[in-house]
Every structure is written in structure tokens, then in C-alpha cells.
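Inside the fold
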Amino acid sequence: MNSEYQPKIVGLLCNWCSYAGADMAGTSRMSYPPSVRIIRVPCSGRVDPLLVAKCFQQGADGVLISGCHPGDCHYNEGNYHTRRRFALLHNLLDYLGIPKERLRLEWVSASEGRIFSQKVSDFTNELAELGPRSEG
Amino acid sequence: MDSELIQQIRNQARDLLESGAVKGIIGYERASDGLTARPFFAYEPDAVERLIFDETCTHNLVKYLVDKKGERMAILAKPCDSRALNLLINEEQIKRDQVFIIGVYCPGVVETSWNQKGQTQQPRCQTCQLLKPVVYDFLAGQEPARQPEAEVYSDIEEIESMPTAERRAFWLEHLGRCIRCYACRQVCPGCYCPECFAEQLDPAWVGIRIAPEENELWQTIRTLHLAGRCIGCNECERACPVDIPLSRLNRKLEKQVAQLFEFRAGLSPDEQPPFATFNKEERLGSEE
């Protein structure tokens, strides 16, 4: 594997938990790979599968969807809908030949800066092992 | 051709038109090749003599009802098509009391093309579990004696078992042929949005350039919009001018939805769609 290769990850983070979690990671000076491009969305329930499909079409190596833990959604139930939608999207993309490892759903709360940085590092390493999209 | 069945349909249609109960009948007539069927709208009592029903009546006519909103119409519905009626009633696209449904027991339909008809039933008919329509006002014909085979997803599992790279190549080859004529959408009873995401210009989700990636995006989202809603009439595949195996996309999600939520679309008019609800405790197997 090419050690120069840095995967491109699109992070779709919910405004209330995960975006604040990422902010927490930053203000606490925790380091994590610069591979993730963060897009703030009002709720993980806002993540239309269209957004994810578009990210992959535009050349993202991985997409991270992250929201509040189940039960903690700012809008009470947004993330439950995300979970159902994600289960199908995940399977369909895999079926179309975009491996399951390239799309992740993670629950990260506003206080979990360390967990956020850990998860981004793990995801980046995993994608680096998979290599660029053209190789699978 | 079952002449008794056709006579039942014509008599019922004539009664409806003569009594003024409906404005028109949506059914089938013989196409001008003299062999296959085509959709037909009967507005005059005498026109009902053109109505037919046989194994070449493969079209799902339910989509026409979306265009006929506000008019009382009667429609001929096979068991599979009747599921589309339930879907549209459930989603409040048509009103149950505006439609008179002439259900038919279905012997199964064959593949047809101009001046040609297949000798064996379509694969979807061989595993079809519905012998009689799930919703109707009048039922024509007699229960067929056939025993349906169990629903199997062997065509889906074949693709699932391919290595990822091969699967990718398989789909890019098929989707690369798509000319984005959107016939699959126009013919689908579940695709009725007044403005489709594919035609939005700002942002332009699906670009106009000719590229397999754009086709793939269109088909991915089309399939997902039909998740838990596709009723398996296979009209998309029939309408596709470049023979993309669209049923193998739709059936993948049908299989998934059946597995995860024990749900099949269109079986009842007041069912709760799986994506309008959730279960707090569920584990769907793909999150951390």
C-alpha cells in the first residue's frame, strides 16, 4: 500500500451531538487525521441517502454519518429514522459494489471528543488499508 | 383466451358505464399486432366490447389513476397490480371510493414484445404468492389451480455472493447502458412526485453528462425511494429500453425489508410503512 495515500472522508455530523463532539476534540487539542471533511447537518435524520450517494459519486473514499446516541436525539426521534434508513442504504451500496467498510454510522455525544477522534482515526486506518476507491 | 372471464369483465364494465357510476374504464385491448395487449380506456358503453384479458396483459394500469385524480374510474387489476392500489390508497394518492376495482384472478402473465409472446410465465409469476387481488369491488374469473413456488431470491443471492470488484463491474456494465430516459420512473406506480430529485437544477443531483456514475446515482436513489414500497409489478424492467435488470435492484431491498421489518408493501390499505415508524430497541446490524 502507498504510504502517501490519505483517504478522503466526508463526515456528516449532527449539529447537537457529534458536531459538538468534534468541536470538543478540537478545543481539547486532541489530534486526529485530517482526512475527514466535516459537514454539519441539523440532525442525523437529515442525512438523505442522496447525500451519501452523491459523496461517493464525487469521489469520497468513505462517508461517516454521526449523530446523537439513540434516546438522546435533540428532536427525540431523528436518529431512530436514520438507523432504519441506514440499514438499507448500507446494504444497497454494498450490493452495488461499494463495500460496507466505506460507510459508517456512529453515535457520538457532545462530550465524547476523545471517542470522536478515536473513531476518525480507526476509520481512516481502515480506509487506508482498503486503498483508493478504484481498487475496491 | 378465457371468453367467460372476458364476458364477465365486459358486462361489469357496461353496467358501470351505463349507470354512470364511473366516467371510464381502464383495461386492456388487443394491440394492433393481433397478438399482445395494450392499455385501453373505455368511456362509451359500446367500447367495452374491445376489453380483453389474457396472459399477455402484463401492464400495471394503476399508474393511470394518478393522472385521473378527481374522476371516478374503474380499473382492471391483477393481484400484483392490486397491491399498487393499496400502496396509493395508503399514501393518500387515490381515494378508495373514487375507484371501482375490477379484480381478476390471474393465471400468470408472459413476456411480450411487438408481435411476440413468450411461452412460459414471467419469473415473478412463478413465485407469486397472490392468487387473488388484495382489494377489489368485483372479482372476475375462477381461482386458478396453480400452486405457487416459494419466493426465492436466488437471482439476488447470486450477485451477493460475487466478490466486491466483480459486483461493481457487473453493475457498472449494466448501469453504464442507462440512457436516463426515466421510463422506469414514469411507468412506476410508486413514483408520483410532482418534482423528482432527478430534475432538480439547484442543486443538480443528477448531472446531464453521459457517465455511468450519474446513472448509478439515479438508480441508487430510485431504488431507495421504493424501499418498502415496491410491489414487484416489474413495470420498470419491462419499460427499460436498454434491458437493465432493475428487478434485481428492487428485489434486493424487498428482501432486506422483509428480513428486517417483516414487511411486504401493498398487502393492506392501512398498514404502517416501515420508514414511517421505528422501534427504539431494534438492532439492525449495521451500526456500531
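What you see is a predicted model; the values in this text were computed from it and never measured.

On to the interface of chain B and chain A, then. How big an interface is tends to be reported as the loss of accessible area on association of its parts. Contacts between the two partners involve 30 residues from chain B, matched on the other side by 26 residues from chain A. Of all the secondary structure elements, the ones that give two or more residues to the side of chain B that touches chain A are helix H5 (154-160), helix H6 (164-176), helix H8 (212-225) and helix H10 (247-261) of chain B. Classifying every residue of the side of chain B that touches chain A gives 15 nonpolar, six polar and nine charged.

All names here are of chain B. Domain annotation for chain B reports domain 1 (3-140) and domain 2 (154-272). Centre-to-centre, using C-alpha coordinates, domain 1 lies 25 Å away from domain 2. Each partner contributes to the interface: domain 1 provides 19 residues, whereas domain 2 provides 19 residues. Secondary-structure elements contributing two or more residues to the side of domain 1 that touches domain 2 are helix H2 (63-67) and helix H3 (79-90). In terms of residue count, the dominant contributor to the side of domain 1 that touches domain 2 is H3 (nine residues). Residues of the side of domain 1 that touches domain 2, tallied by class, amount to nine nonpolar, five polar and five charged.

Looking now at the packing of helix H1 (residues 18-27) of chain A against helix H4 (residues 113-130) of chain A. Residues and elements named next belong to chain A. Interhelical geometry of H1 versus H4 gives an angle of 90° and a closest axis separation of 7 Å. Overall, the two elements H1 and H4 adopt an arrangement that is roughly perpendicular. When H1 is examined against H4, the residues Ser18, Gly21, Ala22, Met24 and Ala25 are found in contact with a partner set consisting of Gly113, Phe116 and Ser117. In terms of residue class, the contact of H1 with H4 is built from four nonpolar, four polar and no charged.

Residue and element names in this part refer to chain B. Topologically, Phe170 is positioned in helix H6. Since 17 C-beta atoms lie within 10 Å of it, Phe170 is described here as partly exposed. Each C-alpha atom of the pair Phe170 and Val109 lies 28 Å from the other, and the pair is 61 residues apart in sequence. Leaving out residues up to four positions away in the same chain, Phe170 has contacts with Ile159 and Met162.

Residues Val63 of chain A together with Ala13, Ile25, Ile75, Leu76 and Ile102 of chain B are the most contacted members of the largest nonpolar core, which totals 107 residues. Per element, the largest residue contribution to this core is seven residues, and it comes from helix H3 (residues 78-95) of chain A. Mapping this core onto the domain boundaries places at least three of its residues in each of domain 1 (3-140) and domain 2 (154-272) of chain B. Setting aside chain neighbours within four positions, we find Val63 of chain A in contact with Val10, Leu12, Val52, Cys55, Phe56, Arg102 and Leu103 of chain A.

About the criteria used
Residues numbered from 1 in each chain as written. Chains lettered and ligands numbered in written order. Predicted model: local features only at pLDDT ≥ 70, side-chain atom pairs only at ≥ 80, totals over all residues. Contact = placed C-beta atoms within 7 Å. Helix = DSSP H or I, 4+ residues; strand = E, 2+ residues; numbered from the N terminus. Nonpolar A, V, L, I, M, F, W, Y, C, P; charged D, E, K, R; others polar. Domains from an automatic or database assignment. Axes fitted to C-alpha atoms, helices over the stretch in contact; angles between N-to-C directions. Parallel < 35°, antiparallel > 145°, perpendicular 65-115°, else oblique. Buried ≥ 20, exposed ≤ 12 C-beta atoms within 10 Å, placed from the backbone. Core = buried A, V, L, I, M, F, W, Y, C linked by C-beta atoms within 7 Å.

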